[in-house]
Amino acid sequence: MSVAKKDYKRITTRSLIEMKANGEKISMLTAYDYTMAKIVDSAGVDVILVGDSASNVMAGHETTLPITLDQMIYHASSVVRAAERALVVVDLPFGSYQSDPREALRSSIRIMKESGGHAVKLEGGKEIKESIKKILHAGIPVMGHLGLTPQSIYKFGTYTVRAKEETEAEKLIEDAKMLEKIGCFALVLEKIPAALAQKVAESISIPVIGIGAGGGVDGQVLVLHDMIGMTHEFSPRFLRRYMNLYEDMTKAIGQYVDDVKSTDFPNANEQY
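Structural notes, computed from the coordinates. Residue indices follow the written sequence of each chain, beginning from 1 at its first position. Restriction of local features to residues with pLDDT of at least 70 applies here, the model being predicted, together with a cutoff of 80 or more for giving and counting side-chain atom pairs; totals for whole chains, interfaces and linings are based on all residues. Side-chain numbers come from the whole structure's heavy atoms, not from hydrogens or water.

Among buried residues, those of type Ala, Val, Leu, Ile, Met, Phe, Trp, Tyr and Cys that are joined through side-chain atoms within 4.5 Å constitute a nonpolar core. The classification of residues rests on relative accessible area computed with a 1.4 Å probe and restricted to protein chains. Under 20% of the type maximum is buried, over 50% is exposed, and intermediate values are partly exposed. Counting residues in each nonpolar core, the largest one holds 62 residues, and the members touching the most others are Leu122, Leu187, Leu189 and Val200. Put simply, DSSP marks the helices as runs of H or I at least four residues long and the strands as runs of E at least two long, and each gets a number from the N terminus on. If you tally residues by element for this core, the top one is helix α4 (residues 69-82), at seven residues. Any two residues whose heavy atoms approach within 4.5 Å are treated as being in contact. Beyond its immediate stretch of four places on either side in the chain, Val200 contacts Leu172, Ile173, Ala176, Leu187, Leu189 and Val208. Counting 18 residues, the second largest nonpolar core, distinct from the first, contains Tyr8, Leu49, Met143 and Ile211.

Following this line, the structure appears as structure tokens:
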């Protein structure tokens, strides 16, 4: 059943709460630069995530761990300049918040002041509770992230589905309720069983945005470069490719090379 959408001129954390209450699904995509963020924002996406996945898709690293706070601020600044409607959420990178709540606050303040981002996102549950509370007490909105947490990949040792066992599933539910209680405005659930994700979404009042977490949550997020097919090596079950830009761009660039080599480009109409 379709739900009538409210016309939001600007998406805020409050808007997302309203959308959940009204049964309207939330759309979220990543972006890391001005040009792509401008397109994503113009297309009507509700939330733009400046994800630490920039470490993978922009810099070519195997994991999200190498990206620095300075680099995240650079990417976020570019996105914020492009976003006129979407809420811009910025990932706190690995090492900038886990061990010390004061460091977590300093990192968050730098992101908010230097990039103009609207909120930060942190991975983890009760183990980072004090860091989240410190950030929230400073008036900075926080989005949580549970399930598969890529910054902990070396702890998990694999990118397989999380919380399939009862013990881990129970902890995830407890962490989700804790994140809501201390004041997070939303929560990302990554790569967990669909039934568990729906149970979490129905048990808390803040929006739950899924990636590989089924359709029973309040919204969805994908990495833009995966969704439009700029990357082609990564093909998990939860990914739907809406374009094949890798193939289209390769063909176009190859044609450009041929035209330059054959002196077809530039022609008489393409010079002064």
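The next subject is the sheet that holds strand β6 (residues 186-190). Between any two strands, pairing holds if DSSP finds at least two bridges. An order of β1-β2-β3-β4-β5-β6-β7-β8 is seen for the eight strands of this closed barrel, with the pairing classed as parallel. For this sheet, the mean inter-axis angle between neighbouring strands, taken without regard to orientation, is 25°. Judged from the three bridges that link them, strand β1 (residues 26-30) and strand β2 (residues 47-50) form a sheet pairing that is parallel. Within the sheet, the bridge partner assigned to Thr30 lies in β2 and is Leu49. What counts as an axis is a line fitted to C-alpha atoms, over the stretch in contact for a helix, and the angles between N-to-C directions run from 0 to 180 degrees.

Every buried residue belonging to helix α9 (residues 194-203) is among Leu196, Ala197, Val200 and Ala201, and all of these are buried. Take α9 and look down its axis: the buried residues cluster within an arc of 135°, on one side only. Away from its buried face by more than 90 degrees, α9 exposes Ala195, Lys199 and Glu202. As for α9, its buried residues are in contact with α1 (13-21), α8 (166-182), β6 and β7 (208-211). Think of the arc as the fan of directions from the helix axis to the C-beta atoms.

With 15 residues, helix α5 (residues 101-115) should cover 21 Å at 1.5 Å per step; its first-to-last C-alpha distance of 21 Å lies within 8% of that length. Listed in full, the buried residues belonging to α5 are Ala104, Leu105, Ser107, Ser108, Ile111 and Ser115. When α5 is viewed along its axis, its buried side chains cluster within an angular range of 165° and face the same direction. For α5, the exposed residues set more than 90 degrees away from the buried face come down to Arg102 and Lys113. Contacts made by the buried residues of α5 are with α4, β3 (87-91), β4 (119-121) and α6 (129-137). Here, expected helix span is obtained from the residue count minus one, scaled by 1.5 Å.

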